[in-house]
Amino acid sequence: MIGKNIKALQNKIDNAILRSGRELGCVKLMAVSKFHSVQEIETAIESGITLFGENRVQEIQEKFPQLFEKYSNIELHMIGSLQRNKVKTVLPFVNTIQSVDRIELIDEIQKHMQKANMQKKVNILFEVHTGEESKSGFLSFSDLCYAIEKSANYEFINPIGFMTMAPFTTDVDLIRQSFKKLKDISLLAKEKFNQLSLNELSMGMSGDFEIAIEEGSTLVRVGTAIFGQRQG
Ligand SMILES: *Cc1c(COP(=O)(O)O)cnc(C)c1O
């Protein structure tokens, strides 16, 4: 079931890429494994998935140490809203935090990376508010620019792009507008910070990944369409 879902998804992703005149391979598929078991995650790995997303720190701690031990080629991103006091706990497990939605998180990440002396940088994406209903993410472009500038000056942080969630609606136009908005904001930011490579655009979930790919997504975060409905 999971293997079959992944195959079907990859086909749809490829078709959306070709339809939009982009090059095959330009969109990464992340499996969002929140609320799903280690065993289900292993099935996804055996079907070729290497990139995972989780949104709760406790669940990451429970599931991923054993997975990292067994599989050396998998990668985990934090995609959910992150409390400041959880930053320290999550950093050893993730190479990217996609949900950086305020300045204080950037300070906290730098502080703990420095303290832990992990000899690596953590990638971050700036979460941008682009839809009426979502409540998290940067709202103003000037705040966003301040955050980008600040993170670029921090030794242990590598800013690589932007993330958004489209509004939860069946209105395709509203969803598309939301993705277009993130693309536009990313272009403005790239122009302003042309020494950085802010190329990652994390947008698109089970219900809207094809629209997101048409609008320039480079990474889709898919849960339900891979693992089925979540219990929770
Ligand atoms: C849960 C979640 C997803 C995946 O949602 P599905 O609709 O199950 O594909 C993607 N992004 C974020 C930030 C999430 O929290």
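Neighbouring residues of the ligand: Val32, Lys34, Asn55, Ile79, Met165, Met205, Ser206, Arg221, Val222, Gly223, Thr224 and Arg230. Within the side chain of Arg221, one N or O atom sits 2.9 Å away from a nitrogen atom of the ligand. Here an oxygen atom of the ligand and a backbone polar atom of Gly223 are 2.8 Å apart. Its free accessible area being 390 Å², the ligand has 90% of it covered by the protein chains. Residue composition of the shell around the ligand, grouped by class: 5 nonpolar, 4 polar and 3 charged.

You will see that Phe35, though not glycine, has its phi angle at about 70°, which is positive. Assignment of secondary structure puts Phe35 in the loop between strand 1 (28-32) and helix 2 (38-46). On the basis of relative accessible area, Phe35 is assigned to the partly exposed category, the value being 36%.

With that settled, consider the pairing of strand 8 (residues 219-222). Two faces belong to every sheet, and in a regular strand the side chains alternate between them. Burial along strand 8 is two-sided: the face carrying Leu219 and Arg221 and the face carrying Val220 and Val222 are both buried. In this structure, strand 1 lies alongside strand 8, joined through 4 bridges in parallel fashion. The partner of Met30 across the bridge, within strand 8, is Arg221.

Okay, the nonpolar core next. Grouped together as the largest cluster of nonpolar side chains are 66 residues, with contacts concentrated most on Phe52, Ile97, Ile109, Phe126 and Phe162. If you tally residues by element for this core, the top one is helix 1 (residues 2-19), at 6 residues. Grouped together as the second largest cluster of nonpolar side chains are 5 residues, Met30, Val32, Leu51 and Leu219 included.

Okay, the environment of Val100 next. You can see Val100 is positioned in strand 4 (residues 96-100). As a C-alpha pair, Val100 and Gly137 span 37 residues in sequence and 7.6 Å in three-dimensional space.

With that out of the way, let us pick up the packing of helix 2 against helix 3 (residues 57-70). How two helices sit against one another is set out by the angle between their axes and by the gap between those axes. Put simply, helix 2 and helix 3 touch, their axes get as near as 10 Å, and they point 35° apart. The handedness of the crossing between helix 2 and helix 3 is right-handed. Every residue of helix 3 that contacts helix 2 at Val38, Ile41, Glu42 and Ile45 is listed here: Lys63, Phe64, Gln66, Leu67 and Lys70. By residue class, the composition of the contact of helix 2 with helix 3 is 5 nonpolar, 1 polar and 3 charged.

Relative to the helices and strands, Asn123 resides in strand 5 (residues 122-127). Engagement of the side chain of Asn123 in a polar contact is seen with the side chain of Thr96, the distance being 3.4 Å. Those residues within four positions of Asn123 in sequence are excluded, and the remaining contacts are Asn95, Thr96, Ile97, Asn158 and Ile160.

Conventions and cut-offs
Residues numbered from 1 in each chain as written. Predicted model: local features only at pLDDT ≥ 70, side-chain atom pairs only at ≥ 80, totals over all residues. Heavy atoms only, no water. Near = heavy atom within 4 Å. Polar contact = N/O pair within 3.5 Å; in protein donor to acceptor, adjacent residues only side chain to side chain. Areas by Shrake-Rupley, 256 points an atom, 1.4 Å probe, with all protein chains shown as cover. Nonpolar A, V, L, I, M, F, W, Y, C, P; charged D, E, K, R; others polar. Helix = DSSP H or I, 4+ residues; strand = E, 2+ residues; numbered from the N terminus. Buried < 20%, exposed > 50% of the residue type's maximum accessible area, 1.4 Å probe, protein only. Pairing = 2+ DSSP bridges. Core = buried A, V, L, I, M, F, W, Y, C linked by side-chain atoms within 4.5 Å. Axes fitted to C-alpha atoms, helices over the stretch in contact; angles between N-to-C directions. Left-handed = near helix turned anticlockwise from the far one by under 90°. Contact = heavy atoms within 4.5 Å.

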